[in-house]
Amino acid sequence: MSSTLAGWLQAVALVGALALCYRPLGDHIAKLLTSASHLRVERGLYKVVGVDADADQRWPVYLRSVLAFSAVSVLFLYGLIRLQNHLLLGLGVPEMPAHQAWNTAISFTTNTNWQSYSGEAAMGHLVQMAGLAVQNFVSAAVGIAVVATLIRGFTRNRTDRVGNFWVDLTRIVLRLLLPLSIVFALVLVASGTIQNFHGFHELTTLAGDPQSIPGGPVASQEVIKELGTNGGGFYNANSAHPFENPNGFTNLLEIFLLLLIPFALPRAFGKMVGDHRQGYAIVAVMGLFWVASAALITFFEAQHAGTAAQAAGAAMEGKEQRFGIAASSLFAASTTLTSTGAVNSFHDSYSPFGGGLTIFNMMLGEIAPGGTGSGLYGMLILAIVAVFVAGLMVGRTPEYLGKKLGGREMKFASLYILTTPTIVLVGTGIAMGLPGERAGMLNSGAHGFSEVLYAFTSAANNNGSAFGGITVNTDWYDTALGLAMVFGRFLPMVFVLALAGALARQQPVPATPGTLPTHKPLFVGLLSGVILIVVGLTYFPALALGPIAEGLH
Amino acid sequence: MSSTLTPAPVDQAEAAAPHRVSAGLLDPKLIVASLPDAVKKLDPRVMIKNPVMFVVEVGSVVTTVAAIADPSVFAWSITLWLWLTTIFANLAEAVAEGRGKAQAETLRRTKTDAVARRLVNWPTSQAEEEVSGTALRLGDHVVIEAGQTIPGDGDVVEGVASVDESAITGESAPVIRESGGDRSAVTGGTKVLSDRIVVKISSEPGKTFIDRMIALVEGAARQKTPNEIALNILLASLTIVFLIAVCTLQPMATYAGAPQSMIVLVALVVALIPTTIGALLSAIGIAGMDRLVQRNVLAMSGRAVEAAGDVNTLLLDKTGTITLGNRQAAEFQPANGVTVEELADAAQLSSLADETPEGRSIVVLAKTGYGLRARAQGELTHATWVPFTAQTRMSGVDLDEADGVHQVRKGAAGSVAEWVAANGGTVGTDVTDLVQQISGAGGTPLLVAAKIGSAPARALGVIYLKDVVKEGMKERFDELRRMGIRTVMITGDNPLTARAIAEEAGVDDFLAEATPEDKMALIKKEQAGGKLVAMTGDGTNDAPALAQADVGVAMNTGTMAAKEAGNMVDLDSNPTKLIEIVEIGKQLLITRGALTTFSIANDVAKYFAIIPAMFATVYPGLDKLNIMQLHSPESAITSAIVFNALVIIGLIPLALRGVKYRPSDASSLLRRNIGVYGLGGLVVPFVGIKLIDLVVQFIPGLS
């Protein structure tokens, strides 16, 4: 079988599997977010924590719950990392410096999973399981909880209640993430991903050098790493490591897992707002960007530019021989479009345009399909901007799903779209202005600039993948990127929750033939155009100095 | 239903023809006249209210300083065009305001200091004193006689007069104002042409209707509308994003080895921020109000104009809006043994003394349908006329013929039937059946009866009066339906009649036997479902409903209470205009959306002009982005800035007149506007910048 055909078959299988899961999984999510009944175990948990599960919160209270929970998570994780030498299963790894531990704690709590350390060398099994894996679950759940409030903003009328964070969090973990993780972890183990408590094994490589590789509970970590669009690898090599991602099947499975929930959420959205067509329109926009990005990256990587690439038949530098161009490009597009950040190849080695696209994917704001929850709320914010402009053009005060988009709503939507570009550009600008930080680059010229741009784009958009090349485990980068992650995660959440509150307060406007239809191909096209222009215009100068300058020569 | 007045004769075709919201004129003289105002508006304290243009002004100052410090042709060209950009934006606003000012000037001329004849102790005494019009207070009574100007707003409390209101309506035909009823309001500055009236003043000096009109058309009372605020927020945030993008570009550019001059950075910011819409936004709003004023509608706030575009339900009074003012005779239906001609003749004879529009329509039908010439009352010397009164509800004639007195009567079926019985006759079942049929079909039956000599009176037949729906209304309602607007007809008729007319006119629903309370309840019900309601009204009892409706258009002929309650006043008192008001509201929003789209789409071309100009020296590959093949970096940047400024001037007429609007459903409107302003916005600047570059490249220093 030719590699082209294999690539096509993989893509078709992937789309087919996602399409099959769209309805049942989306409906399941909608149900767990709207159901009034509690499981017995949930009731027990609420009693222990002291939560009134039947009382909904106003948006500021919901926000406080999100922030308090995340703050506690950061502190706990930071403590765990710093103290791991004194605890069980520490494996005797060296103590992590404070700035790096802080960066890591932030990184996993914000669903970014940026790693300025090498997984197998810095983390013992306890931190991996009780720290990082737990955050992999709950940070993903927080994203879904926040988007749930935004959807409730559309479905609820004349109320100031947007949901109960503790109930949402518990249900998303217990009814969605845990069951899926258990099932797919078993599949991964059956397919060769390791799952044990071994320590370091001393090996001698083919070249005769000594190497020490730890075993560990990898499969259980791996599954939620993808499913929760987290991306922090057990090993430094992430999904390029054979213990994490042993073969072609697990590779495809991992891509499937990282796309699964983000692509099913539009269905939950459609179901909750009572019009499945709204969900189809959103998923169509997400799908368009994903397909286009995957196809373009594959195209650029399959090009034979340069002597080395010509000899190899394609741009194979930094890619796993096991996976080849198609599976690597598909993984790269999917991981950068979902805020996952897991990698099975090294984006720094991609062709200028291929690598540029991975940056551009993140710059889109992680919306196609984006992170768990965060992807959908990012997309809905852009839909609100699109509806606002288009709604004016049909001669009415713009309204989306019966809710008017007035000054208050546009204020929060505008602040949302302002936040991430500001963090990315200011961060990159400062780094480029400081001679010491520029020295961290591996390459010079446009490519070196792309490395810095990638780092800040990845952190602010909570992706977490690294271009590689750049040395980021310095005091400055750990701090700057940590701040980028915090602000890039929680500021948008503030605006989304405030928007949800503003929408829920309103009385709905009935739809008439004069209402802008938001479920038709015209709207899909319009929304895609707005995304391209709003994002493209903001980042074009920066991209021109990086990948575009490098690619056009 | 409260409307009892006969509406001013409106040309039927004109009233009902589907109006397209059409262009207003842009007078080049107005542009020149507005220039000083445009320059005055450069005051930063004024500019800061428009964040987009404020950034441009600050940029202009920065480039001016930079150009002085390091002069070059390029620096000065950019500086000049940046200042022009700011001035053009101010010009747009000044021109829009200028049109209102001209109107205000005309109004002010009517505000002469009329001398008022105040009645000191009315009605107990008729003693008068002469005071200045400005000395009048709320509740004063004044007397005005033919030839005098009414000194202030008020309601007629005694007498009836014809009044020339052309000063405010522009309509030269005089109107009748009388005490009591719904035609009692008079406006200060209008002139009494005949008779004598006593008016109770209802406004404080300086707060009269004309004062408010002047403030409105001058834009003095203008506040940003909710939608304008929302759009401003979006524009401000786009401005901030681009400011950040350019500010952070400098360290990146420095790293790349191509640090940029201040001039170039400012030029890039100005090119990217949405200046087109930012410059025209307030002009669009002012012009929208102005378009209403041109149609003789005064909106008390921009908010009301915007709400008009959002209206879901229109409450339309039947009379005068959907139907012609009055019922008209449509058919003669004779009793058994009577010919149609006999009936027509009797009907005409008996209606000659009936001056009501219904009566006249009977005479006309007899003439047009049966060739019976309308006899003048004087022709029949032997006739005694019985005029129509509201008490007898009959009219007729007694002819002193050779064979005795011929008495002919026509009128409400009940009254005439009583007359027949009183004169010894009976009304046959054939005739009562006809009466019932007509009632059942929603018409009004009038009975015709005659008594010759001493013979018993007998019924000759029935006249079928019916409401005549204005031409073109059905199409108009279909159009509204496509726009997503539901029409509800309000009428005092019984449900049967109402249904028949509703079906004929094609409205979506009707409210029969409507009382003001019913109307109010209907509005509240619609609003509870999240709908916006528009209505017209003129009577005092309409006032609560007018106040409750989201768009309440009061007729100028109506009472002061109604005018106070509504948020718009139609000086022509033409209820059909409500439909136009909705269209103008929509057009206002569409213009904003279209120019926003155009403005944002423009940026793509500007990037392709400026980015290669900035960086092709260090990354020669970027010159491939120079797809317009612009001559030099300096000419490219200059061309982009010149285009940016010129496009504002070019779009001022569009902003003032509004984009073309055809009533249709949302999808087709969107498709059209994205096609024209979205794709147009992408393509036009590529062409425009290239054309400007072809000229600019010959300027020494830019080549």
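Everything numeric in this text was worked out from a predicted model, so none of it was measured. (Residues numbered from 1 in each chain as written. Chains lettered and ligands numbered in written order. Predicted model: local features only at pLDDT ≥ 70, side-chain atom pairs only at ≥ 80, totals over all residues. Heavy atoms only, no water.)

### As for the overall build of chain A
Piece 1. A tally of regular secondary structure across chain A gives 19 helices and six strands.
Piece 2. In terms of overall dimensions, chain A is globule-like: its C-alpha atoms have a radius of gyration of 22 Å, near the 24 Å expected for 553 residues.
Piece 3. Principal axes of the C-alpha set define a box for chain A whose edges measure 75 × 60 × 50 Å.
Piece 4. The proportion of buried residues among the 553 residues of chain A is 64%.
Piece 5. Sequence-distant contacts in chain A: of pairs separated by 6 or more residues, those separated by 24 or more amount to 77%.
Piece 6. As displayed, chain A has an accessible area near 18300 Å², and 66% of this comes from carbon and sulfur atoms.
Piece 7. Averaging the positions of the 29 positive and the 28 negative side-chain charges in chain A gives two centres separated by 19 Å. (Helix = DSSP H or I, 4+ residues; strand = E, 2+ residues; numbered from the N terminus. Rg over C-alpha atoms; globule rule 2.2 N^0.38 Å. Buried < 20%, exposed > 50% of the residue type's maximum accessible area, 1.4 Å probe, protein only. Contact = heavy atoms within 4.5 Å. Areas by Shrake-Rupley, 256 points an atom, 1.4 Å probe, with all protein chains shown as cover. Lys, Arg positive; Asp, Glu negative; His and termini not counted. Charge placed at Lys NZ, Arg CZ, Asp CG, Glu CD.)

### Focus: the overall build of chain B
Piece 1. Scanning chain B for helices and strands turns up 24 helices and 22 strands.
Piece 2. Its C-alpha atoms give chain B principal-axis dimensions of roughly 120 × 60 × 45 Å.
Piece 3. Burial statistics for chain B: of 703 residues in total, 57% are counted as buried.
Piece 4. Considering only contacts in chain B between residues 6 or more positions apart, those separated by 24 or more positions represent 70%.
Piece 5. Total accessible area computed for chain B in this model is approximately 27100 Å², and 59% of it derives from carbon and sulfur atoms.
Piece 6. Taken as two groups, the 61 positive and 75 negative side-chain charges of chain B have centres that lie 5 Å from each other.

### Quick look at the interface of chain A and chain B
Piece 1. If you look at the interface, chain A gives 61 residues, while chain B gives 59 residues.
Piece 2. With both chains or domains summed, chain A and chain B bury close to 4900 Å², and 74% of this area falls on carbon and sulfur atoms.
Piece 3. Area buried by chain A at its contact with chain B is led by Met 393, Leu 537 and Leu 545 of chain A, which between them contribute 15% of it.
Piece 4. Seen at the junction of chain A and chain B, the total is one salt bridge.
Piece 5. For Lys 404 of chain A, the salt bridge is made with Asp 310 of chain B, and the minimal N-O distance between the two is 4.0 Å.
Piece 6. Put simply, the parts of the chain that give the side of chain A that touches chain B at least two residues each are α14 (374-393), α15 (407-433), α17 (445-460) and α19 (521-551) of chain A.
Piece 7. When residues of the side of chain A that touches chain B are assigned to their parent elements, the largest contribution, 13 residues, is made by α15 of chain A. (Buried area = accessible area lost by both parts, 1.4 Å probe. Salt bridge = Lys/Arg side-chain N within 4 Å of Asp/Glu carboxyl O.)

### A look at the pattern of salt bridges
Residues and elements named next belong to chain B.
Piece 1. Inspection of the entire model under this criterion finds 38 salt bridges over all chains.
Piece 2. Put simply, Arg 486 and Glu 526 hold a salt bridge, and the shortest N to O gap is 2.7 Å. One end of the pair, Arg 486, is in strand β18 (residues 486-490); the other, Glu 526, is in helix α19 (residues 516-528), and 40 residues separate them in sequence.
Piece 3. Looking at Glu 526, the relative accessible area reads 6%, which means it is buried.
Piece 4. Linked through salt bridges whose partners overlap, the residues forming this network are Arg 117, Glu 128, Glu 145, Glu 158 and Arg 196.

### Some details on unusual backbone geometry
Residue and element names in this part refer to chain A.
Piece 1. Ala 368 connects to Pro 369 through a cis peptide bond whose omega is 0°.
Piece 2. Looking at the secondary structure, you find Pro 369 in the loop between α13 (352-363) and α14.
Piece 3. In the Ramachandran plot, Arg 158 falls in the positive-phi region, its phi being about 45° despite a non-glycine side chain.

### Quick notes on the packing of aromatic side chains
All names here are of chain A.
Piece 1. The tally for this structure, following the rule as stated, stands at 23 aromatic pairs over all chains.
Piece 2. Ring centres 6.1 Å apart and planes at 80° place the aromatic pair Phe 69 and Trp 166 in the edge-to-face group. In this pair, Phe 69 is assigned in helix α3 (residues 59-83) and Trp 166 in helix α7 (residues 165-190), connecting sequence segments 97 residues apart.
Piece 3. Here Phe 456 and Trp 476 contribute two aromatic rings whose centre-to-centre distance is 6.2 Å and whose plane-to-plane angle is 65°, an arrangement assigned as edge-to-face. Remark: Trp 476 occurs in helix α18 (residues 475-505) and Phe 456 occurs in helix α17; sequence separation between them is 20 residues.
Piece 4. Classification of Phe 456 by relative accessible area gives buried; the value is 2%.
Piece 5. Judged by its relative accessible area of 25%, Trp 476 is partly exposed.
Piece 6. Linked through ring pairs, Tyr 62, Phe 69, Phe 165 and Trp 166 together constitute an aromatic cluster.
Piece 7. Directly above the aromatic system of Tyr 350 lies the positively charged group of Lys 319, at a separation of 4.0 Å from the ring centroid. (Phe/Tyr/Trp six-rings, centres within 6.5 Å; stacked < 30°, edge-to-face > 60°. Lys NZ or Arg CZ within 6 Å of the ring centre and 35° of its normal.)

### Considering the sheet that holds strand β19 (residues 509-511) of chain B
Residues and elements named next belong to chain B.
Piece 1. With respect to topology, seven strands assemble into an open sheet ordered β10-β22-β21-β20-β11-β18-β19, the strand pairing being mixed. Because the sheet does not close on itself, it has two edges, and the strands there are β10 (297-299) and β19. Shown here is a sheet whose adjacent strand axes are inclined to one another by a mean of 20°, direction ignored.
Piece 2. Of the strand pairs in this sheet, strand β11 (residues 313-317) and strand β20 (residues 533-537) are connected by three bridges, and their pairing is parallel. Considered in β20, the bridge of Leu 314 is made with Ala 534. (Pairing = 2+ DSSP bridges. Axes fitted to C-alpha atoms, helices over the stretch in contact; angles between N-to-C directions.)

### What about the packing of helix α6 (residues 125-155) of chain A against α18 of chain A?
All names here are of chain A.
Piece 1. Between α6 and α18, the shortest axis-to-axis distance is 7 Å and the interhelical angle comes to 25°. Viewed along their axes, α6 and α18 adopt a mutual orientation that is roughly parallel. Crossing handedness for the pair α6 and α18: left-handed. Here Ser 139, Val 142, Gly 143, Val 146, Thr 149, Leu 150, Gly 153 and Phe 154 of α6 lie close against α18, whose contacting residues are Arg 489, Met 493, Val 496, Leu 497, Leu 499, Ala 500, Leu 503 and Ala 504.
Piece 2. Looking at the contact of α6 with α18, its residues break down into eleven nonpolar, four polar and one charged. (Parallel < 35°, antiparallel > 145°, perpendicular 65-115°, else oblique. Left-handed = near helix turned anticlockwise from the far one by under 90°. Nonpolar A, V, L, I, M, F, W, Y, C, P; charged D, E, K, R; others polar.)

### Here we look at the sheet that holds strand β6 (residues 175-178) of chain B
Residues and elements named next belong to chain B.
Piece 1. Taken in spatial order, the three strands make up an open sheet running β6-β5-β8, and their pairing is antiparallel. Every other strand in the sheet has two partners, leaving β6 and β8 (191-192) as the edge strands with one partner each.
Piece 2. Pairing analysis gives four bridges linking strand β5 (residues 160-164) to β6, with the strands arranged antiparallel. Residue pairing in the sheet places Ala 161 in a bridge with Arg 177 of β6.

### Regarding the pairing of strand β4 (residues 210-214) of chain A
All names here are of chain A.
Piece 1. Taken together, the five bridges between strand β3 (residues 200-204) and β4 define a ladder with antiparallel strand orientation. Following the sheet pairing, Glu 202 is matched in β4 by Ser 212.
Piece 2. The turn linking β3 back onto β4 is made up of five residues, and Gly 208 within it adopts a positive phi angle of 95°.

### As for the side chain of His 447 of chain A
All names here are of chain A.
Piece 1. Examined against the element boundaries, His 447 turns out to sit in helix α17.
Piece 2. In this structure the side chain of His 447 is engaged in a polar contact, spanning 2.5 Å, whose partner is the side chain of Asp 348.
Piece 3. A polar contact of 2.9 Å, which involves the side chain of His 447, links it to the side chain of Glu 550.
Piece 4. Aside from chain neighbours lying at most four places away, what touches His 447 is Asp 348, Phe 467 and Glu 550. (Polar contact = N/O pair within 3.5 Å; in protein donor to acceptor, adjacent residues only side chain to side chain.)

### Considerations on α19 of chain A
Residue and element names in this part refer to chain A.
Piece 1. An ideal rise of 1.5 Å per residue puts 45 Å on 31 residues; α19 reaches only 33 Å between its terminal C-alpha atoms.
Piece 2. The largest bend along α19 measures about 65° and falls at Leu 543, with the proline Pro 547 one to four residues further on.
Piece 3. Across the 31 residues that make up α19, a large majority, 24, are buried. (Expected span 1.5 Å × (residues − 1). Bend = angle between axes of the 7 residues up to and from the residue.)

### Topic: the side chain of Ser 395 of chain B
All names here are of chain B.
Piece 1. Within the secondary structure, Ser 395 is located in strand β14 (residues 394-401).
Piece 2. Residue Ser 395 is classed as buried on the basis of its relative accessible area, which comes to 0%.
Piece 3. A polar contact is formed between the side chain of Ser 395 and the backbone oxygen of Ser 350, at a distance of 2.7 Å.
Piece 4. Residues in contact with Ser 395, not counting those within four places in the same chain, are Ser 350, Ser 351, Asp 354, Val 386, Pro 387, Phe 388, Val 408, Arg 409 and Lys 410.

### Structural notes on a nonpolar patch on the surface
All names here are of chain B.
Piece 1. Among the surface-exposed residues, Val 683, Val 687, Leu 691, Leu 694 and Val 695 lie close enough to one another that they form a single nonpolar patch of about 450 Å² accessible area.
Piece 2. Residue placement: Leu 694 occurs in helix α24 (residues 666-696).
Piece 3. For Leu 694, a relative accessible area of 40% puts it in the partly exposed group. (Patch = residues over 30% accessible without salt bridge, like charges linked within 9 Å, V, L, I, M, F, W, Y side chains within 5 Å.)

### Notes on the packing of helix α1 (residues 3-34) of chain A against α7 of chain A
For any two helices packed against each other, the geometry is given by the interaxial angle and the distance between the axes.
Residues and elements named next belong to chain A.
Piece 1. With their axes 9 Å apart at the nearest point, α1 and α7 run at an angle of 150° to one another. Between α1 and α7, the angle falls in the class roughly antiparallel. Between α1 and α7 lies a crossing of right-handed hand. Contact with α1, carried on its side by Leu 25, His 28, Ile 29, Leu 32 and Leu 33, involves Asp 168, Arg 171, Ile 172, Arg 175, Leu 176 and Leu 180 of α7 and no other residues of that element.
Piece 2. Here the residues of the contact of α1 with α7 are counted per class, giving seven nonpolar, one polar and three charged.

### Looking at the environment of Ala 655 of chain B
Residues and elements named next belong to chain B.
Piece 1. Inspection of the secondary structure assignment puts Ala 655 in helix α23 (residues 633-657).
Piece 2. On the basis of relative accessibility, which here comes to 1%, the residue Ala 655 falls in the buried class.
Piece 3. Taking C-alpha positions, Ala 655 is 8.3 Å from Arg 592, a pair spaced 63 residues apart along the chain.
Piece 4. In this view, Ala 655 contacts Leu 280, Ile 284, Ala 287, Arg 291, Thr 591 and Leu 595; residues no more than four positions away in its chain are not counted.

### Comments concerning the environment of Phe 243 of chain A
Residue and element names in this part refer to chain A.
Piece 1. Assignment of secondary structure puts Phe 243 in the loop between α8 (218-227) and α9 (248-273).
Piece 2. For Phe 243 and Gly 192, which are 51 residues apart along the polypeptide, the C-alpha to C-alpha distance reads 7.6 Å.
Piece 3. In contact with Phe 243, other than residues within four places in its own chain, are Thr 193, Ile 194, Ile 213, Pro 214, Val 218 and Tyr 235.

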